[in-house]
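Listed here are the chains, written in short residue letters.
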There are 2 protein chains.
Amino acid sequence: MKVNVMSDILKANDLLARDIKDFLKQKAVVSWNIMGSPGSGKTSILERLIPMLPDTVKAAVIEGDLATSNDAERIAKTGAQTTQINTNGACHLDAAMIRAALDAIDLDKISLLFIENVGNLVCPSGYKLGETGRIIVSSTAEGDDKPEKYPSIFKTGDLVLINKTDLMDHTNFNMDVFKRGMRKINPGADMLLVSAAHGSGFEKLLDWVTQRLH
Amino acid sequence: MKVNVMSDILKANDLLARDIKDFLKQKAVVSWNIMGSPGSGKTSILERLIPMLPDTVKAAVIEGDLATSNDAERIAKTGAQTTQINTNGACHLDAAMIRAALDAIDLDKISLLFIENVGNLVCPSGYKLGETGRIIVSSTAEGDDKPEKYPSIFKTGDLVLINKTDLMDHTNFNMDVFKRGMRKINPGADMLLVSAAHGSGFEKLLDWVTQRLH
């Protein structure tokens with residue numbers, strides 16, 4: 001008798017991620033895995049974007065954090081269905097966590113799912129969650145060298161949001177250096193400049209998201 | 001015959017870390033494991049601090065990054081012995097990497113060793129490097145909720161540097177909220193406010209470091 005040995009945890013994750021992707025597609029739900037450093041502004045971006053969605057487009061949010069439900073409480077105020085995953089120390093979300101969280105979401109009522117990963121510019125990149133695509137948030141306060149220093153995550157992004165443009169004049173962030181680094185790592189990714197604090201750039205982000213609905 | 005099974009990778013790391021700690025103590029070298037998010041300002045803090053050290057205190061720096069030698073090149077300009085570790089994707093430094101890097105450093109010429117970990121507010125906390133203690137860098141641009149959201153790292157710090165105080169007025173960072181969160185997670189840690197960009201707070205940081213030399 002043949003014995004199947006599941007030796008590769010990443011492969012096991014990818015198989016489950018594929019099932020989730022198929023399932024979400026059947027439900028006509030487009031999902032974005034949102035990744036970035038702690039404090040890059042992932043939650044603030046969702047807080048501003050979700051209320052701008054047309055009435056016909058309902059969103060749900062899965063929040064991933066080591067601890068606390070702070071972010072889910074912030075997001076719940078937008079009216080979106082919100083589910084908090086506490087990883088209890090794990091540095092990234094994985095497909096099994098998403099599989100469990102989906103049970104708590106009424107997928108027939110939504111067309112968009114935002115999955116906010118644990119704040120981490122390294123580990124989340126290796127774990128598929130069944131997402132349609134990936135959005136990476138990087139703030140000007142973090143510096144313009146991030147794409148080249150954290151290539152594993154930046155090379156997997158479909159969209160990079162350069163957030164906190166309102167702080168740019170107070171830092172030594174050079175937009176050309178950032179964009180050049182990004183083009184080197186991932187020339188196909190889109191880039192948008194936003195300020196979640198002040199609201200600039202959100203019309204373009206809204207267009208980007210709504211153009212990609214099923 | 002007894003078979004020793006080394007089942008716990010963290011335990012293996014800790015044993016090597018203990019050896020490194022003993023070895024550095026013999027050499028009268030005090031070492032700090034510096035951890036924080038990408039872009040929190042770890043390198044900038046060292047760039048400003050090292051030139052302020054008295055002539056009698058020589059420092060060396062080990063720089064940990066996924067990729068590039070950007071940070072080591074910046075630090076080398078301070079005159080400190082500098083060694084870059086590229087982890088090639090790994091999300092944290094470990095004791096074996098430090099053991100290898102120490103071969104490249106003339107320990108008889110230094111009394112201080114700064115180990116700048118990979119920018120990551122999660123994974124580095126679990127890996128002892130043989131350090132004397134830990135310094136955590138958190139910038140005001142990251143928000144005031146970080147200690148409670150990333151408790152595993154903040155609870156291991158001897159000193160927390162709240163960096164980018166120059167940006168504080170342009171953000172919604174509330175110092176009381178940060179300090180309260182920190183006191184809850186790790187009441188024994190020292191906290192200092194600094195601005196690596198403008199230089200404020202560095203006299204106090206210099207005192208903190210020089211008071212802890214062997």
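A short tour of the structure in this document, coming up. (Residues numbered from 1 in each chain as written. Chains lettered and ligands numbered in written order. Predicted model: local features only at pLDDT ≥ 70, side-chain atom pairs only at ≥ 80, totals over all residues.)

**Here we look at the overall build of chain A**
- Check the secondary structure of chain A and you find eight helices and seven strands.
- Its C-alpha atoms give chain A a radius of gyration of 17 Å, near enough to 17 Å, the size a compact globule of 214 residues would have.
- Expressed along its principal axes, the backbone C-alpha trace of chain A runs to roughly 65 × 40 × 30 Å.
- Pairs at least 24 residues apart make up 75% of the contacts formed inside chain A by residues separated by at least 6 positions. (Helix = DSSP H or I, 4+ residues; strand = E, 2+ residues; numbered from the N terminus. Rg over C-alpha atoms; globule rule 2.2 N^0.38 Å. Contact = placed C-beta atoms within 7 Å.)

**Some words on the interface of chain B and chain A**
- Listed per partner, the contact involves 30 residues of chain B and 30 residues of chain A.
- Looking at the side of chain B that touches chain A, the elements that each hand over two or more residues are α5 (146-149) and α6 (151-154) of chain B.
- Of all the elements, α5(B) adds the most residues to the side of chain B that touches chain A, at three residues.

**Some points on the packing of helix α1 (residues 9-26) of chain A against helix α4 (residues 95-102) of chain A**
All names here are of chain A.
- The N-to-C vectors of α1 and α4 enclose an angle of 30°; their axes lie 8 Å apart at closest approach. Where α1 crosses over α4, the handedness of that crossing is left-handed. Taking contact as the criterion, the partners of Asn13, Leu16, Ala17 and Ile20 in α1 are, on α4, Ala95, Ala96, Ile98 and Arg99. (Axes fitted to C-alpha atoms, helices over the stretch in contact; angles between N-to-C directions. Left-handed = near helix turned anticlockwise from the far one by under 90°.)

**Let's talk about the relation of the copies chain B and chain A**
- For these two chains of identical sequence, chain B goes onto chain A by a turn of 180° and a shift of 0.0 Å along the axis, with RMSD 0.0 Å. Such a combination of rotation and displacement between the chain copies is what one expects of a two-fold axis. (Least-squares fit on C-alpha atoms with pLDDT ≥ 70 in both.)

**Some words on the nonpolar core**
- Within the largest apolar cluster, 107 residues are counted, with the highest numbers of intra-cluster contacts made by A:Ile98, A:Phe114, A:Ile115, B:Phe114 and B:Ile115.
- Contact partners of A:Ile115, with chain neighbours within four places excluded, come to A:Ser31, A:Trp32, A:Asn33, A:Ile34, A:Ile62, A:Leu93, A:Ile98, A:Leu129 and A:Glu131. (Core = buried A, V, L, I, M, F, W, Y, C linked by C-beta atoms within 7 Å. Buried ≥ 20, exposed ≤ 12 C-beta atoms within 10 Å, placed from the backbone.)

**Structural notes on the sheet that holds strand β3 (residues 81-86) of chain A**
Residues and elements named next belong to chain A.
- Pairing is parallel in the open sheet, where seven strands are placed in the order β3-β2-β4-β1-β5-β6-β7. Among the strands making up the open sheet, the edge pair consists of β3 and β7 (190-193). Neighbour to neighbour, the strand axes of the sheet diverge by 20° on average, direction disregarded.
- Relative to strand β4 (residues 112-116), strand β2 (residues 59-65) runs parallel, the two being bridged by five bridges. Across the sheet, the residue bridging to valine 61 is phenylalanine 114, located in β4. (Pairing = 2+ DSSP bridges.)

**Regarding the pairing of strand β4 (residues 112-116) of chain B**
Residues and elements named next belong to chain B.
- Counting buried positions along β4 yields five of five residues, so the element is predominantly enclosed.
- Burial along β4 is two-sided: the face carrying Leu112, Phe114 and Glu116 and the face carrying Leu113 and Ile115 are both buried.
- Where strand β1 (residues 30-36) and β4 come together, five bridges link them in parallel fashion. Pairing of tryptophan 32 across the sheet is with phenylalanine 114, part of β4.

**A word on the environment of A:Phe154**
All names here are of chain A.
- Position of phenylalanine 154 among the secondary structure elements: in helix α6 (residues 151-154).
- Counting along the chain gives 137 residues from phenylalanine 154 to alanine 17, while the straight-line C-alpha distance between them is 20 Å.
- Look past the residues within four positions of phenylalanine 154 in its chain and what remains in contact with it is Ile136, Pro147, Val160, Met182, Ile185 and Asn186.

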